[in-house]
Amino acid sequence: MASTPNPSHSIQTINASRTNFPSLPMNKPIHKKLHISLNKSSLRVESCSTAKYNDVEEMDKIKRLQNGSDVRGVALQGEKGRSVDLTPPAVEAIAESFGEWVINGLEKEKGVRVSLGKDPRISGNMLSVAVFAGLSRAGCMVFDMGLATTPACFMSTILPPFQYDASIMMTASHLPYTRNGLKFFTKKGGLTSPEVEEICDKAARKYANRLAKVSTRLPITPTMVDFMSAYAKHLREIIKERVNHPSHYDTPLKGFQIIVNAGNGSGGFFTWDVLDKLGADTFGSLHLNPDGMFPNHIPNPEDKTAMALTRAGVLKNKADLGIVFDTDVDRSGVVDSEGNTINGDRLIALMSAIVLKEHPSTTIVTDARTSMALTKFIRNKGGQHCLYRVGYRNVIDKGVNLNKDGIETHLMMETSGHGALKENHFLDDGAYMVVKIIIEMVRMKLEGSEGDIGSLIEDLEEPLESAEVRMIVLSEPRNAKAKAVEAIEAFRTHIEQGSLPGWELDACGDCWVSDGCLVDTNDDPAAIDAFMYRAKVSDEQNGEHGWVHLRQSIHNPNIAVNLQSTIPGGCQSMAKVLIDRGIRVKPGLTYTPISRWVKRSKDMNTWDRNRSRERLVPKPERSARQWT
């Protein structure tokens with residue numbers, strides 16, 4: 001059993017007297033001197049500037065940090081072609097604007113309490129101080145949770161006795177150690193993209209217009225709190241109550257071996273503070289120690305290395321279950337006792353099977369990149385499948401709105417592993433998803449089932465082919481979004497005009513969930529954070545055999561192209577049609593990556609066919625039996 005580490009807290013690890021913020025990567029300096037000092041009674045932040053400054057370019061730097069409903073950027077040098085843009089002054093301005101936004105929303109000037117958690121990234125301590133300074137300047141009381149998870153930050157706003165007014169999680173999820181970011185919560189849940197855009201707009205003006213000298217003092221240092229212990233206890237109680245083990249209520253996982261791969265992120269707590277205390281054997285768990293350099297693999301349930309290592313651990317130790325968390329534990333994946341990896345569509349199917357047992361005929365919302373086979377699986381289980389816009393906030397918010405409209409919707413999941421349940425405040429919580437799976441696993445054992453959790457999805461068909469490629473937008477960062485939108489709208493126009501025979505926009509139009517729902521046509525449509533369309537593809541010989549989904553990246557200058565097909569070579573064929581006729585190549589858009597992929601696929605298919613032909617025709621000196 002792994003021992004519990006001693007997570008460092010941001011205030012404790014700051015230099016006792018002074019920390020110098022790194023110089024800003026700007027053409028024109030705004031802050032010539034910027035430092036903090038810390039003593040027993042106060043935290044002081046000072047910045048100096050020679051003039052009031054308002055530059056569109058500098059403001060754009062802050063606005064471009066928005067990543068949908070999050071803020072993300074490069075916090076440390078080390079990425080080729082990427083300069084540091086998530087600087088302490090930028091974070092300070094964003095935190096201050098968030099604090100003001102919370103205060104205005106609550107309509108109270110004093111006593112607003114905001115918590116901060118962070119993953120183990122090595123830039124976390126430096127940027128935490130900037131968050132504290134910004135929130136303090138806004139007039140908020142600050143509480144430092146130290147090492148935490150994203151779902152725990154939200155839970156800190158509703159779980160007694162903490163119940164903070166708002167929370168910030170500092171994380172960049174599965175991205176490299178050089179990145180970092182901010183996620184924002186109130187008691188109502190995570191902020192939407194338009195709300196984060198509003199905060200970043202205000203922060204941009206603050207950033208570019210700092211007065212000659214700004215100084216903020218805190219009467220006391222941020223209050224340090226141990227929220228993760230309370231959150232872990234909350235998860236333990238859910239497992240105990242819902243399993244309701246007839247012979248050992250307090251240790252319902254006794255007799256089960258469960259392996260956790262935390263990827264050196266924030267998920268190690270689930271091993272020693274949840275599973276171990278419930279009686280599970282967690283021998284063989286991997287990478288539990290928080291390490292912001294992520295030395296073993298990308299902490300991501302979609303990462304092949306992460307899943308392969310977990311699978312190997314499950315098989316070696318003959319464990320009942322393997323668990324993979326991403327860095328901040330808002331996503332997860334699992335491995336069953338047979339070594340079958342369960343993520344993506346398979347994880348959605350597993351959660352659908354569990355939820356449909358509890359809520360027959362409920363609606364399940366997913367993003368539009370899920371397979372036709374998943375839709376069939378959900379319908380065969382008695383559920384309704386609502387396909388919606390890519391983006392975990394989009395998927396979750398769609399579920400919230402469907403419930404408001406009287407359409408019972410208990411599960412919302414994206415193929416990336418983000419999953420939210422109505423019963424859990426519509427919160428995408430990777431640990432809570434695993435809790436649901438563990439409860440079902442124990443129930444199946446108590447009921448005498450011979451199968452494991454993998455047996456719940458044994459009738460899920462797999463798509464024959466899947467691919468994701470990118471089209472690059474060659475443009476200045478400020479123009480990349482407009483160029484991508486122009487190209488995607490051209491794709492829609494070509495299909496509507498019938499320029500691509502057999503291609504049809506896959507949208508129901510009136511939100512009748514049994515037929516999917518890729519668009520909003522009601523009186524209050526959701527704001528569009530990124531343009532995207534999905535086309536279903538058919539021909540006379542194969543009928544409907546695949547789909548193509550184009551999506552504008554909300555942070556990078558490219559267009560993501562997802563393809564799935566039920567026939568051999570279908571993805572390659574659809575990609576070629578897309579290149580030849582799908583979008584007229586405009587200045588600033590290149591097909592090079594997708595063209596190279598088509599060529600590689602063609603070469604690989606030719607090699608596979610030749611190899612198959614060789615294997616089917618025995619050489620004279622060998623018998624047919626030897627070639628079987």
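Just so it is clear, the model here is predicted, and its values are computed rather than measured.

### Section: the packing of helix 7 (residues 227-243) against helix 13 (residues 430-446)
Each packed pair of helices is defined by two parameters, the angle between the axes and the distance between the axes. Where helix 7 contacts helix 13, the axes come no closer than 10 Å and their chain directions differ by 25°. In terms of orientation, helix 7 and helix 13 fall into the roughly parallel class. Crossing geometry of helix 7 relative to helix 13 is assigned as right-handed. Taking contact as the criterion, the partners of Tyr 231, Leu 235, Ile 238, Ile 239, Arg 242 and Val 243 in helix 7 are, on helix 13, Ala 431, Tyr 432, Val 435, Lys 436, Ile 439, Val 442, Arg 443 and Leu 446. Among the residues forming the contact of helix 7 with helix 13, the class breakdown is eleven nonpolar, no polar and three charged.

### Points about the pairing of strand 13 (residues 258-261)
Residues of strand 13 alternate between two faces, with Ile 258 and Val 260 on one and Ile 259 and Asn 261 on the opposite face, all of them buried. Summarising the sheet, strand 13 and strand 14 (residues 321-325) pair through four bridges and their orientation is parallel. Among the inter-strand pairings, Val 260 is bridged to a residue of strand 14, identified as Ile 323.

### Notes on empty space enclosed by the protein
On inspection of all chains with the given rule, the structure shows two cavities of 30 Å³ or more. Reported here for the largest cavity is a volume of approximately 70 Å³. Considering the residues around the largest cavity, the lining is formed by Ser 69, Asp 70, Thr 150, Lys 183, Phe 184, Phe 185, Gly 190, Leu 191, Asp 330, Tyr 392, Arg 393 and Asp 428. When contributions to the lining of the largest cavity are tallied by element, the ones reaching two or more residues are strand 9 (179-186) and helix 12 (392-404). Ranked by residues supplied to the lining of the largest cavity, first place goes to strand 9 with three residues. Of the residues contributing to the lining of the largest cavity, the split by class is four nonpolar, three polar and five charged.

### Re the sheet that holds strand 16 (residues 341-342)
Strand order across the open sheet formed by four strands is 13-14-15-16, with mixed pairing between neighbours. Both outer strands of the open sheet, strand 13 and strand 16, are each paired with one neighbouring strand and no more. In this structure, strand 14 lies alongside strand 15 (residues 332-336), joined through five bridges in antiparallel fashion. Pairing of Phe 325 across the sheet is with Ser 332, part of strand 15. Set on the sheet, helix 13 makes contact with strand 13, strand 14 and strand 15; between it and strand 14 the angle comes to about 170°.

### Structural notes on the sheet that holds strand 21 (residues 427-428)
The mixed open sheet is built from five strands, whose spatial order is 18-17-19-20-21. Since the sheet does not close on itself, it has two edges, and those belong to strand 18 (384-388) and strand 21, each with one partner. Pairing analysis gives five bridges linking strand 17 (residues 363-367) to strand 18, with the strands arranged parallel. Each residue of the ladder has a partner; that of Asp 367, found in strand 18, is Tyr 388. Relative to the sheet, helix 10 (residues 344-358) contacts strand 17, strand 19 (409-413) and strand 20 (419-421), its axis offset from that of strand 19 by approximately 170°.

### Notes on unusual backbone geometry
Cis geometry marks the peptide bond from Pro 160 to Pro 161, where omega comes out at 0°. Locating Pro 161 in the fold gives a position in the loop between helix 5 (150-155) and strand 8 (166-170). Backbone geometry places Ser 173, a non-glycine residue, at a positive phi of 55°. Within the fold, Ser 173 resides in the loop between strand 8 and strand 9. By relative accessible area, which is 2% here, Ser 173 ends up buried. Phi is positive for Phe 294, which is not a glycine, with a value near 50°. Inspection of the secondary structure puts Phe 294 in the loop between helix 8 (269-275) and helix 9 (304-317). By relative accessible area, which is 10% here, Phe 294 ends up buried.

### Thoughts on the environment of Val 469
Secondary-structure assignment places Val 469 in strand 22 (residues 465-473). The spacing of Val 469 and Ala 560 is 91 residues in sequence and 6.1 Å in space, taken between C-alpha atoms. Dropping the residues within four chain positions of it, Val 469 is found in contact with Ile 559, Ala 560, Val 561, Leu 563, Ile 594 and Trp 597.

What counts and what doesn't
Residues numbered from 1 in each chain as written. Predicted model: local features only at pLDDT ≥ 70, side-chain atom pairs only at ≥ 80, totals over all residues. Heavy atoms only, no water. Axes fitted to C-alpha atoms, helices over the stretch in contact; angles between N-to-C directions. Helix = DSSP H or I, 4+ residues; strand = E, 2+ residues; numbered from the N terminus. Parallel < 35°, antiparallel > 145°, perpendicular 65-115°, else oblique. Left-handed = near helix turned anticlockwise from the far one by under 90°. Contact = heavy atoms within 4.5 Å. Nonpolar A, V, L, I, M, F, W, Y, C, P; charged D, E, K, R; others polar. Buried < 20%, exposed > 50% of the residue type's maximum accessible area, 1.4 Å probe, protein only. Pairing = 2+ DSSP bridges. 1 Å grid on protein atoms, 1.4 Å probe; cavity = no way out; pocket = protein on both sides within 12 Å on 5 of 7 lines; lining within 4 Å. Points joined across faces, edges and corners; volume = space filled by probe spheres on them.

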